[in-house]
Amino acid sequence: MNSRTPANPTSPTGPAAPGVEEAAAEDAAVGLDKGAAEAGRESAPADGGAGTAPDAGRTEAGSEGSGSEEAPSEGSGSGEARTGEAPSEDSGSDDIDLDDLDDPDSEGSGKKPSGLGAAAAAVAAAGLGVVALTGSWTGKVVAERETLIGQIKTSSGGTAAQQISEIYGDAWHSTALVNGLFALLALLVGVFALVRPAFGAPSPHPQPGWVRAVATAGMALGVLGAVISVGMYFDLIVPLPTTGATQ
């Protein structure tokens, strides 16, 4: 019997061991190839994502850059809108001011009376009444003129009564006439000061009491001066002197 021939034909022989090892090696190689393939597949999306990430960053940066570039244009547009709207607002305010000035019914156009005219008239009436009673420079000048005219008329001769009438009587009458004119003016101005609030724009405040008092005093002085002037002019208060009858 050959020593190399196996005793049991069903038992594995020696050369069968290397085939098993080769099959195991091939399985290991296939497993490594599959692992490498799977690793390559897994690394491929990672590489693609890494590659797209800069691109995405670039696109986002580009979009932000374009937005930043568009921002000045929008700012310039808003600036143009503002500059375009500013004159319209100013013109509108000017139109409103002009309308207020041109409108006669506006509150600013209506002027309320201050009462200064009535007060001045009252004071003037009182002063004219005093002048009517005491006399004035105008009356004195007129009296001296009448005296001079009387002297001229009686220089060539005349009776005593004629001289009294021409030299003194006419001068006194002229003084009474001038004082009477001042009394009449005092009366008219005093009446105007009292009735002034009844005419024109109504005043929200009543007429001061002192204005009415002064105007009334001026009217009283004017009436008194007018009465005295009339009496002096017609020789009712102080008659002209007369000479005694000659036989």
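Residues numbered from 1 in each chain as written. Predicted model: local features only at pLDDT ≥ 70, side-chain atom pairs only at ≥ 80, totals over all residues. Heavy atoms only, no water.

1. Re the overall build of the protein
From N to C terminus, the protein includes five helices and zero strands. N-terminal to C-terminal, the α/β element order of the protein is α-α-α-α-α. Per-residue burial over the protein gives 15% buried out of 247 residues. If you take every contact in the protein between residues at least 6 apart in sequence, the share linking residues at least 24 apart comes to 79%. Within the structure as shown, the protein displays about 17500 Å² of accessible surface, and the carbon and sulfur contribution to it stands at 63%. (Helix = DSSP H or I, 4+ residues; strand = E, 2+ residues; numbered from the N terminus. Buried < 20%, exposed > 50% of the residue type's maximum accessible area, 1.4 Å probe, protein only. Contact = heavy atoms within 4.5 Å. Areas by Shrake-Rupley, 256 points an atom, 1.4 Å probe, with all protein chains shown as cover.)

2. Let's talk about the packing of aromatic side chains
If you walk through the whole model with that rule in mind, you get two aromatic pairs. Each ring, one from Tyr-168 and one from Trp-172, has its centre 6.2 Å from the other, and the planes form 45°; the classification is tilted. With Tyr-168 and Trp-172 both in helix H4 (residues 160-195) and four residues apart, the pair spans about one turn of that helix. Using a relative accessible area of 45% as the deciding quantity, one classes Tyr-168 as partly exposed. (Phe/Tyr/Trp six-rings, centres within 6.5 Å; stacked < 30°, edge-to-face > 60°.)

3. Some details on helix H2 (residues 116-134)
Counted at 1.5 Å a residue, the expected span for H2 with its 19 residues is 27 Å, and the 27 Å between its end C-alpha atoms agrees. Considered for burial, the residues of H2 that qualify are Ala-118, Ala-119, Ala-121, Ala-122, Ala-125, Ala-126, Leu-128, Gly-129 and Ala-132. Against the buried residues of H2 lie H4 and helix H5 (209-233). Two residues or fewer past H2, Gly-135 is found with a positive phi of approximately 95°. (Expected span 1.5 Å × (residues − 1).)

4. Points about a nonpolar patch on the surface
Judged by side-chain polarity, Leu-133, Leu-177, Leu-181, Leu-224, Ile-228, Val-230, Tyr-233, Phe-234, Leu-236, Ile-237 and Val-238 come together as a nonpolar surface patch covering roughly 1000 Å² of accessible area. Taken together, the elements giving at least two residues each to the nonpolar patch come down to H4 and H5. For the nonpolar patch, the leading source of residues is H5, giving four residues. Checked against the element boundaries, Phe-234 lands in the segment after H5. (Patch = residues over 30% accessible without salt bridge, like charges linked within 9 Å, V, L, I, M, F, W, Y side chains within 5 Å. Salt bridge = Lys/Arg side-chain N within 4 Å of Asp/Glu carboxyl O.)

5. Quick word on the packing of H2 against H4
At a closest axis distance of 8 Å, the pairing of H2 and H4 adopts a crossing angle of 160°. When the interaxial angle is binned, H2 and H4 end up roughly antiparallel. Judged by the sense of rotation from one axis to the other, the crossing of H2 with H4 is left-handed. In this structure, H2 contributes Ala-118, Ala-121, Ala-122, Ala-124, Ala-125, Leu-128, Gly-129, Val-131 and Ala-132 to the contact, and H4 contributes Asn-179, Phe-182, Ala-183, Leu-185, Ala-186, Val-189, Gly-190, Phe-192 and Ala-193. Residues of the contact of H2 with H4, tallied by class, amount to 15 nonpolar, three polar and no charged. (Axes fitted to C-alpha atoms, helices over the stretch in contact; angles between N-to-C directions. Parallel < 35°, antiparallel > 145°, perpendicular 65-115°, else oblique. Left-handed = near helix turned anticlockwise from the far one by under 90°. Nonpolar A, V, L, I, M, F, W, Y, C, P; charged D, E, K, R; others polar.)

6. Here's the deal with the packing of H2 against H5
Closest axis-to-axis distance for the H2/H5 pair is 7 Å, and the angle between their directions is 25°. One element, H2, and the other, H5, form an angle in the roughly parallel class. The chirality of how H2 crosses H5 is left-handed. Two secondary-structure elements touch here, H2 through Ala-118, Ala-119, Ala-122, Val-123, Ala-125, Ala-126, Gly-129, Val-130, Ala-132 and Leu-133 and H5 through Trp-210, Val-211, Val-214, Ala-215, Gly-218, Leu-221, Gly-222, Leu-224, Gly-225 and Ile-228. Tallied by class, residues from the contact of H2 with H5 come to 16 nonpolar, four polar and no charged.

7. Quick word on the pattern of salt bridges
For the structure shown, the criterion picks out two salt bridges. The partner of Arg-145 in a salt bridge is Glu-146, and the shortest N-O contact between them spans 3.7 Å. Take Arg-145: its relative accessible area is 53%, and that puts it in the exposed class. Where Lys-153 meets Glu-166, a salt bridge forms, and the shortest distance between an N and an O atom there is 3.8 Å. Taken together, the residues span a long stretch of sequence, with Lys-153 in helix H3 (residues 137-153) and Glu-166 in helix H4 at a distance of 13 residues.

8. With respect to the confidence of the model for the protein
For the protein, the average pLDDT comes to 72, and 58% of its residues sit at 70 or higher. For the protein, per-element mean pLDDT is lowest for helix H1 (residues 16-102), which scores 52, and highest for H5, which scores 95. A low-confidence stretch, residues 45-109 (pLDDT under 50), is modelled with three contacts involving residues beyond four sequence positions or located in other chains. (pLDDT = per-residue confidence, 0-100.)

9. Details of H4
Over its 36 residues, H4 runs 51 Å from end to end, which matches the ideal 52 Å to within 8%, given 1.5 Å per residue. At Gly-169, H4 shows its largest kink, close to 35°. (Bend = angle between axes of the 7 residues up to and from the residue.)

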